[in-house]
Amino acid sequence: MNLVRYGLIGFGAWGKHHADAIAKAHNAELVGIAAHSEATAADARNAYPDAFVTTDYNALLAREDLDVIDVVVPSYLHHEVATAVLQSGKHLLLEKPMGIDLPQCDSMIASAEKHDSLLCVGHELRLSSMWGKVKEMIDDGFIGTPQYCLVELSRNPYRQGAGGWRYDINRVGNWILEEPIHFFDLARWYLESAGSPRSVYATANSRDPSRPELQDNFSAIMHFSGDAYAVVSQTLSAFEHHQTAKVTGSKGALWASWSGAMDRTRHPTFKLRAFDGNEVIDVGIEKPTGELFELEDQIVRVAEAIQSGRPLHCTAQDGRWSVAMCLAASASVASGAKEPIDQG
Ligand SMILES: NC(=O)C1=CN([C@@H]2O[C@H](COP(=O)(O)OP(=O)(O)OC[C@H]3O[C@@H](n4cnc5c(N)ncnc54)[C@H](OP(=O)(O)O)[C@@H]3O)[C@@H](O)[C@H]2O)C=CC1
Ligand SMILES: O=C1CO[C@H](CO)[C@@H](O)[C@@H]1O
């Protein structure tokens, strides 16, 4: 089968990992890269001398030898760049958050439908051998009817990002869209049988009085249409990177944990323990898990969707839900009240 031809827009901290994952993929090739500054373009040329490199993403999009464009730019540019990709008629892998507001998400969904393009959003944790195993065991009925889910992270502070975009509320949207968005996505996925997320109550605070709008500590309780609920909690005032998910049901419980020196380590420790109502077992995880591994699987999975129609792990609608949950949580932090979640 022909290799799927990838173009990449954005060659920053995470974009470089995307490039590496595309170059490694058995079913893909990295044909071109659009960077922003000349300095970043020079980095891309050095790392990938055979690739077409430009500082104008429209020059990349004008090429006819590309099947899919992978967009890894600061979040406030997702809508602008993704729209140009879809208008060029190519498939799209777009990093999370899908957009920083819901009209952006809706217009990208409409554009993908109009151009008959695949639109995958980069919630790669769904492909994890461990976070995905939790989902598989829930769906197999291991814990009975799922009723409660906690996803929690304790980590070191965010990086600034190119030109400081991650610490500028107008460009980042809010900090819930940065990392808790992954956990809202997991919680909704795990509690899928409980119906749709309906409302959220959230609270947050900042460790730095000069930027109260950027909140280091964040906690939310999200209610589903049945009586199930999820708790998402994160602190950025800690050390290393330690993530936990606990899911309980009418019969049993699952407890997954992951720890690394940082989010991008290739040498994490991780464990999944499971209780079926009778005994506690350690569940074997067949391959390493961590966002670099999941990113590699995501690149392959999108290529498979193009080659053979394999369903995407995370659709545009899933990406929109994740943004909707974060925006409702952000509104709740501001209002101090429980807020409804947009149902689309
Ligand atoms: N799914 C996940 O687990 C993760 C997702 N992300 C998401 O990925 C995105 C990028 O994050 P990250 O890599 O950390 O951010 P960085 O700030 O490190 O990198 C962003 C890059 O985008 C480039 N850029 C800006 N404008 C353009 C443009 N018009 N054309 C081409 N390139 C452009 C910048 O170029 P220059 O350097 O030249 O200024 C920079 O290199 C964000 O949306 C973030 O939320 C990030 C980490 C993990
Ligand atoms: O998963 C992630 C790791 O942290 C980054 C911020 O530093 C996020 O952008 C990202 O989504």
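Residues numbered from 1 in each chain as written. Chains lettered and ligands numbered in written order. Predicted model: local features only at pLDDT ≥ 70, side-chain atom pairs only at ≥ 80, totals over all residues. Heavy atoms only, no water.

- The name that an unreviewed UniProt entry assigns to the chain is 1,5-anhydro-D-fructose reductase, with the source organism given as Stieleria maiorica.

1. Some words on the sheet that holds strand 15 (residues 339–340)
Turning to step 1, where the next piece is worked out: The nine strands lie next to each other as 14-13-12-11-7-10-9-8-15, forming an open sheet whose pairing is mixed. Either end of the sheet is taken by a strand with one partner, and the two such strands are strand 14 (280–282) and strand 15.
Turning to step 2, where the next piece is worked out: Direction of pairing for strand 8 (residues 197–205) relative to strand 9 (residues 217–224): antiparallel, over a ladder of eight bridges. For A202, the partnering residue across the bridge sits in strand 9 and is A220. (Pairing = 2+ DSSP bridges. Helix = DSSP H or I, 4+ residues; strand = E, 2+ residues; numbered from the N terminus.)

2. A few points about the site of ligand 2
Turning to step 1, where the next piece is worked out: Taken together, K96, R155, Y158, R166, E178, E179, H182, D263, R264 and E291 make up the full set of residues near ligand 2.
Turning to step 2, where the next piece is worked out: Here an oxygen atom of ligand 2 and a side-chain polar atom of R166 are 3.3 Å apart.
Turning to step 3, where the next piece is worked out: For ligand 2, an oxygen atom lies 3.4 Å from a polar atom in the side chain of D263.
Turning to step 4, where the next piece is worked out: Classifying every residue of the shell around ligand 2 gives one nonpolar, one polar and eight charged. (Near = heavy atom within 4 Å. Polar contact = N/O pair within 3.5 Å; in protein donor to acceptor, adjacent residues only side chain to side chain. Nonpolar A, V, L, I, M, F, W, Y, C, P; charged D, E, K, R; others polar.)

3. Details of the site of ligand 1
Turning to step 1, where the next piece is worked out: The environment of ligand 1 is formed by 33 residues, the closest being S37, T40, E124, A162 and W165.
Turning to step 2, where the next piece is worked out: The contact in question runs from an oxygen atom of ligand 1 to an N or O atom on the backbone of A13, over 3.0 Å.
Turning to step 3, where the next piece is worked out: The separation between a nitrogen atom of ligand 1 and a polar main-chain atom of G122 is 3.3 Å.
Turning to step 4, where the next piece is worked out: For ligand 1, whose unbound accessible area comes to 920 Å², protein coverage reaches 91%.
Turning to step 5, where the next piece is worked out: Per element, the largest residue contribution to the shell around ligand 1 is three residues, and it comes from helix 1 (residues 13–24).
Turning to step 6, where the next piece is worked out: When grouped by side-chain class, the residues that make up the shell around ligand 1 number 14 nonpolar, eleven polar and eight charged.
Turning to step 7, where the next piece is worked out: Both domains that meet at the shell around ligand 1, namely domain 1 (4–124 + 295–307) and domain 2 (125–289 + 322–340), each give it at least three residues. (Areas by Shrake-Rupley, 256 points an atom, 1.4 Å probe, with all protein chains shown as cover. Domains from an automatic or database assignment.)

4. A look at the nonpolar core
Turning to step 1, where the next piece is worked out: With 76 residues, the main nonpolar core has I9, M98, L119, W131, F184, Y190 and M222 as its most contacted residues.
Turning to step 2, where the next piece is worked out: By residue number, the principal contributor to this core is helix 10 (residues 316–335), which donates eight residues.
Turning to step 3, where the next piece is worked out: Two domains each donate at least three residues to this core, and these are domain 1 (4–124 + 295–307) and domain 2 (125–289 + 322–340).
Turning to step 4, where the next piece is worked out: Apart from the residues within four sequence positions on either side, I9 is in contact with A34, Y57, L60, L61, I69, D70, V71, V72, V73, V81 and V85.
Turning to step 5, where the next piece is worked out: If you look at the next biggest cluster of nonpolar residues, it comprises 30 residues, including L8, I22, I33 and L295. (Core = buried A, V, L, I, M, F, W, Y, C linked by side-chain atoms within 4.5 Å. Buried < 20%, exposed > 50% of the residue type's maximum accessible area, 1.4 Å probe, protein only. Contact = heavy atoms within 4.5 Å.)

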